[in-house]
Amino acid sequence: MEKLSKVGRYEFLAEPFHCDFSKRLFMGHLGNHLLNAADFHSTDRNFGMIYLNPIHKTWVLSRLAIEMNEMPLQYARFCVETWVESAMRYFTNRNFRIVDAADDSHVYGYGRSIWAMIDTQTRRPQNIFDIHDGAISNWIETEKPCPIDKLSRVQMSNDAQLMATIDTHYNDVDVNGHINSVKYIEHVLDLFSLDTYKNNRIKRFDIAYVAESHYGDKLKFYMEDKQDGEYCIRITRKGHESDDEIEVCRSCIKFIKD
């Protein structure tokens, strides 16, 4: 049996109905492909959800940054490469490289992410090194470059303006029973007009997840214009049990002229 590489490589298709009016892949669908690649990589190496779920554990995304030179056009076949850059007791850093499936020199962009392992019953963090006696250490790849800025905290003032309030529904809920990580991204992108996307493209999207939200929660979106095409968004939730707003995530989006 061939020994697996530390770097996983998975091919995807930019399906036409996963593309926007410009015939390029939606950022949200790209996000789903990155998360799928992460799951395929960890599953192939026996620390994915297929192994974890029966022992009441799962991976949850803590932070994600996607920085793109361009988005794949419809019908383009592209590959997502992914690897674990480092692992600590409660968090692991995972990187991504998005390339043309037929031309490895054609790089669409890169991604960085931080993941935590939690107990599915208590929702508390779990020691990653308890799994297979710390075997994840055997898969850490430190030599492959990821030449985008590291993940950083999204800084916001109290001047952010309420832009939208939405209810959460069935399609927002993922396999872990909470609001899907990518759904937050899609809701944030919906805060901007079609003209914004006609005249600009997304250079970088950062999101940091602070707390979980669930079906039936009401989400509020607060935006702050940082100038030069950069916007920061804070998302809060109001659950059934209280009228208090709880911050669930922060994001930052950087547009550049197309």
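Refer to the preceding data block for the structure.
Residues numbered from 1 in each chain as written. Predicted model: local features only at pLDDT ≥ 70, side-chain atom pairs only at ≥ 80, totals over all residues. Heavy atoms only, no water.

Engineer: Let's hear about the nonpolar core: which residues, and what values?
Structural biologist: If you look at the biggest cluster of nonpolar residues, it comprises 55 residues, and the most contacted ones within it are M27, L30, F78, Y184, F205, I233 and I235. Counting residues in each nonpolar core, the second largest holds 7 residues, with W83, V99, V107 and I148 among its members. (Core = buried A, V, L, I, M, F, W, Y, C linked by side-chain atoms within 4.5 Å. Buried < 20%, exposed > 50% of the residue type's maximum accessible area, 1.4 Å probe, protein only.)

Engineer: Tell me what's going on with the side chain of S113, and back it up with residues and numbers.
Structural biologist: Of note, S113 is situated in strand 5 (residues 107-119). Only 2.9 Å separates the side chain of S113 from the side chain of W115, close enough to count as a polar contact. Apart from residues no more than four positions distant in its own chain, S113 is found in contact with L61, R63, L64, T92, N93, R94, F96 and L151. (Helix = DSSP H or I, 4+ residues; strand = E, 2+ residues; numbered from the N terminus. Polar contact = N/O pair within 3.5 Å; in protein donor to acceptor, adjacent residues only side chain to side chain. Contact = heavy atoms within 4.5 Å.)

Engineer: Run through the sheet that holds strand 3 (residues 77-87), naming residues and quoting values.
Structural biologist: Strand order across the open sheet formed by 10 strands is 1-3-4-5-2-7-10-9-8-6, with antiparallel pairing between neighbours. Of all strands in the sheet, those with a lone pairing partner are strand 1 (8-13) and strand 6 (161-167), marking the two edges. The average undirected angle you get between the axes of adjacent strands in this sheet is 25 degrees. Judged from the 6 bridges that link them, strand 6 and strand 8 (residues 218-227) form a sheet pairing that is antiparallel. (Pairing = 2+ DSSP bridges. Axes fitted to C-alpha atoms, helices over the stretch in contact; angles between N-to-C directions.)

Engineer: Please provide a residue-by-residue account of the pattern of salt bridges, values included.
Structural biologist: A full pass over the atoms with the stated rule returns 17 salt bridges. Between R9 and E81 there is a salt bridge, with its nearest N and O atoms 2.6 Å apart. On the criterion of sequence distance, the pair formed by R9 in strand 1 and E81 in strand 3 is long-range, its members being 72 residues apart. Exposure remark for R9: the relative accessible area of 37% places this residue in the partly exposed category. Where E186 meets K183, a salt bridge forms, and the shortest distance between an N and an O atom there is 3.6 Å. (Salt bridge = Lys/Arg side-chain N within 4 Å of Asp/Glu carboxyl O.)

Engineer: Lay out the packing of aromatic side chains with the relevant residues and their values.
Structural biologist: In this structure the tally under the stated criterion is 8 aromatic pairs. On the basis of an interplanar angle of 70 degrees and a centroid distance of 5.0 Å, the ring pair of F192 and F255 is categorised as edge-to-face. Of the two residues, F192 sits in the loop between helix 3 (181-189) and helix 4 (194-199) while F255 sits in strand 10 (residues 246-257), which places them 63 residues apart along the sequence. Judged by relative accessible area, which is 11%, F192 ranks as buried. Residue class for F255 comes out buried when judged on its relative accessible area of 5%. Sitting over the face of the ring of W139, R45 holds its NZ or CZ atom 5.2 Å from the ring centroid. (Phe/Tyr/Trp six-rings, centres within 6.5 Å; stacked < 30°, edge-to-face > 60°. Lys NZ or Arg CZ within 6 Å of the ring centre and 35° of its normal.)

Engineer: Give me unusual backbone geometry: which residues, what numbers.
Structural biologist: Located in the positive-phi region is N46, a residue other than glycine, with phi close to 70 degrees. Position of N46 relative to the elements: it lies in the loop between helix 1 (27-44) and helix 2 (49-52). The class for N46 is partly exposed, based on a relative accessible area of 39%. The backbone of R123 shows a phi angle near 65 degrees, a positive value even though the residue is not glycine. Given the relative accessible area of 29%, R123 is considered partly exposed.

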